[in-house]
Amino acid sequence: MKTILVLFGGCSTEYGISLQSAHAVLTHMDRTKYRPLAIGITRHGQWFYYQGDAARLIDGSWQENGCIPCTLRLDRNAGQVLLLDGSGRRLG
């Protein structure tokens, strides 16, 4: 099964459009073939691993619950998200 990184949000006037697009991708992805890894970026530029319901993307309430601060590991071949919750977990 392939892991697909779904980035959404960000410091842009297109923030709302990005949330709608991510919702569409997350709700229509074939979960028998792909495992989504949802990473949301707030309007202020904070990055979070989002584990909540995709429906919360539509109304913008996604960042109220189910979020863990994170960052991308930038090594060329790493392909990982590092959780910044003190656990040392890496996703990817």
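Before any of the text, the structure's been laid out above.
Model, not experiment: these values are computed from the prediction.

J.: Can you break down the pairing of strand β3 (residues 47–50) residue by residue, with the values?
T.: One ladder, built from 3 bridges, connects strand β2 (residues 34–41) with β3; its direction is antiparallel. Across the sheet, residue Ile-41 finds its bridge partner in β3, namely Trp-47. When β3 meets strand β4 (residues 67–72), the two strands line up antiparallel, connected through 3 bridges. Bridging across to β4, Phe-48 finds its partner in Pro-69.

J.: Tell me what's going on with the state of the cysteines, and back it up with residues and numbers.
T.: What we call a disulfide is simply a covalent bond connecting the sulfur atoms of a pair of cysteines. This model, assessed by the stated rule, comprises 0 disulfides. Looking at Cys-11, it has no disulfide partner, and the nearest cysteine sulfur is the one in Cys-70, 14 Å off. Exposure remark for Cys-11: the relative accessible area of 58% places this residue in the exposed category. We note that Cys-67 lacks a disulfide partner, and the nearest cysteine sulfur, in Cys-70, lies 9.1 Å from it.

Criteria and cut-off values
- Residues numbered from 1 in each chain as written.
- Predicted model: local features only at pLDDT ≥ 70, side-chain atom pairs only at ≥ 80, totals over all residues.
- Heavy atoms only, no water.
- Pairing = 2+ DSSP bridges.
- Helix = DSSP H or I, 4+ residues; strand = E, 2+ residues; numbered from the N terminus.
- Disulfide = S-S within 2.5 Å.
- Buried < 20%, exposed > 50% of the residue type's maximum accessible area, 1.4 Å probe, protein only.

Note that every value here comes from positions in space, so none of it alone points to a role or purpose.
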